[in-house]
Amino acid sequence: MTAVHRPWPSLPHAAGTGGSVVVDRCQVCGAKDLDSVLFLGYLPPVNQMRPVRQRPHEQPAYPAELLHCRRCQLGQLGLIVDPAILFPAYYPYTSGTTRILRENFPELQRESTDILGLSGSELVVDIGSNDGTLLENFRAAGHPVCGVEPTLMANRANERGIRTILSFFNGEAAAHVVRECGRAHVVTATNVFAHVEGVHDMVEHILAMMREDGVFVSESHYLMALVETLQYDTIYHEHLRYYSLESLVHLLEMHGLEAVHARRIPTHGGSIRVYAARQGTRTVLPTVRQMLAEEKAAGPLDGRLADFSRRVVRSKLQLHALLRDLLGAGARMYGVGAPSRASTLINYAALDRGMLECVVEVTGSYKAGKYMPGTMIPVVDEAKLFADQPELALLLSWHIAGELMPKLAARGFNGRYVVPLPEPQVVPAPDVGDRMTTPGREAADASRGPNDGKQA
Ligand SMILES: [Zn+2]
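Rules and cut-offs
- Residues numbered from 1 in each chain as written.
- Predicted model: local features only at pLDDT ≥ 70, side-chain atom pairs only at ≥ 80, totals over all residues.
- Heavy atoms only, no water.
- Donors = N, O, S within 2.8 Å, 3.2 Å for Na, K, Ca; no water.
- Tetrahedral: all angles 85-135°; square planar, octahedral: opposite > 155°, others 65-115°.
- Helix = DSSP H or I, 4+ residues; strand = E, 2+ residues; numbered from the N terminus.
- Buried < 20%, exposed > 50% of the residue type's maximum accessible area, 1.4 Å probe, protein only.
- Phe/Tyr/Trp six-rings, centres within 6.5 Å; stacked < 30°, edge-to-face > 60°.
- Lys NZ or Arg CZ within 6 Å of the ring centre and 35° of its normal.
- Pairing = 2+ DSSP bridges.
- Contact = heavy atoms within 4.5 Å.
- Axes fitted to C-alpha atoms, helices over the stretch in contact; angles between N-to-C directions.
- Polar contact = N/O pair within 3.5 Å; in protein donor to acceptor, adjacent residues only side chain to side chain.

A.B. asks: Got a minute to help me understand the coordination of the zinc ion in this structure?
C.D. replies: Octahedral metals with six donors have ideal donor angles of 90 or 180 degrees. Tetrahedral metals with four donors have an ideal donor angle of 109.5 degrees. Coordination of the zinc ion by the protein comes from C26 (SG), C29 (SG), C69 (SG) and C72 (SG), over a distance range of 2.3 Å. Every donor counted, the four donor atoms about the zinc ion form angles of 100 to 119 degrees at the centre, which fits tetrahedral coordination. Along the chain, the residues that donate to the zinc ion are spaced as C-x2-C-x39-C-x2-C. Of this pair, C29 sits in the loop between β1 (20-22) and β2 (35-43) while C72 is found in the loop between β3 (62-68) and β4 (75-77), placing the two residues 43 residues apart along the sequence. C72 matches C29 in its accessibility class, with the two residues each being buried.

As structure tokens, this is what we get:
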């Protein structure tokens, strides 16, 4: 076992408070002089949506401030909200079925097999394993697998034969895994490592169930992608941290780990996948040095974040200028897709129901019949978009605009598209001469938006 280098800071926990905890020091390194990058206002919790026709009543709102730690280069939210508020019991799983997400898990299985030289006999454990979709890929390759999942999706996974422990990931769950399945060769955590408070505890629990030569693979939204493509709409209270590779390296080192492979992946508008192992147990691939060099070459992060903050304000003004002309001329506009990020955009850009008449969601969405958080903009079935043919469709999942527009057009939407970020623009209806073979299913999948709802 490699020696742990430093003690890590212990922040007060928000879980169980029924409220929130202010981040007064860096979640990774403990530094207290955090820079304020951006303040998006007080945002409502994205998953507490009120039924349509219910009179609005008192509702909590939480400050959404992005902070930067100059010591370890971590981007982080200035407030941690009790997960019981962010993930109410009735908050169901929404499957992420965009093309990018569908392709990501098989690709992760292939890449890790290749890089780690897996034979198919090694135990793979997935944290926040949901219905077992990622593990299914490893099981198909012969691996014994085990998931840890706090929601009832664990039952669905078990029904399909993916052994899954119904629990939050904590010390007990890690011990449970070891007791039942042994210690893991590979531990995966996709879209969860930036979401949970107490990240140092989480790493220690992972180490407790990982073999000495084991590897921990994480996928998280990437701080550089946030800045490059102005994805301020991914800032909401489920996302506690925005990692650069430099910040991840810092975090890993505090636990005797090192990054052995790193690269960008396209999920969630731009994520980072990092393989980590105990120091000295694995060959460090050149990708780590290359990516760190790229981050450095992009310039000092504090300057880039200051520029990011100015560009966010400018994009809001540009969006309003665009909409002033279009809506002022009488155009009607519906939103397409209600992922969590749509709530940040709508609230920060101050779109109300006079500007955005409704937001359409795929048939069967639990969000239909509710108001968008903090507004009286109703979420309705997507059939309304095709029946009413508004002049404009605002793409709230704008990061997959290229995937969405041809599908909506193929299903018969004739209007133009407003792409709100990174540069607000109006896009004419695409040519749909080359229609897809099963446009209905594909468009329904795509309009569901990214898997921002994944609790893991
Ligand atoms: Zn720090």
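A.B. asks: It is not clear to me how the packing of aromatic side chains should be interpreted in this structure. Could you clarify?
C.D. replies: Aromatic rings in a pair are described by how distant their centres are and how their planes are angled relative to each other. Tallied over the entire structure, the rule returns five aromatic pairs. When the centroid spacing of 5.9 Å and the interplanar angle of 85 degrees are considered together, the rings of F39 and Y42 count as edge-to-face. Taking relative accessible area as the criterion, F39 reaches 43% and is therefore assigned partly exposed. Residue classification places Y42 among the exposed positions, given a relative accessible area of 56%. Its end group placed over the ring of Y348, K316 keeps NZ or CZ at 4.3 Å from the ring centre.

A.B. asks: Is there a simple way to think about the sheet that holds β2 in this case?
C.D. replies: By definition, the strands of a sheet pair up through backbone hydrogen bonds, in either a parallel or an antiparallel sense. If you walk across this open sheet you meet the four strands as β2-β3-β4-β11, and the pairing is antiparallel. The open sheet has two edge strands, β2 and β11 (241-242), and neither has a second partner. Pairing between β3 and β4: three bridges, direction antiparallel. The residue of β4 that forms the bridge with L67 is Q76. Here helix α10 (residues 301-328) sits on the sheet and contacts β2 and β3; the angle it forms with β2, its principal contact strand, is near 30 degrees.

A.B. asks: Sorry if this is basic, but what is going on with the side chain of R278 here?
C.D. replies: Locating R278 in the fold gives a position in strand β13 (residues 271-278). Using a relative accessible area of 2% as the deciding quantity, one classes R278 as buried. Engagement of the side chain of R278 in a polar contact is seen with the backbone oxygen of R211, the distance being 2.6 Å.

A.B. asks: Hey, could you run me through the sheet that holds β13 in this one?
C.D. replies: The seven strands are arranged β8-β7-β6-β9-β10-β13-β12 in an open sheet whose pairing can be described as mixed. Two strands lie at the open edges of the sheet, namely β8 (164-166) and β12 (257-265), each paired on one side alone. This sheet shows a mean twist of 15 degrees between the axes of neighbouring strands, independent of strand direction. Bridge analysis of strand β6 (residues 124-127) against strand β7 (residues 145-149) gives four bridges, and the strand direction is parallel.

Note that all results are geometric; they support no functional claim without further evidence.
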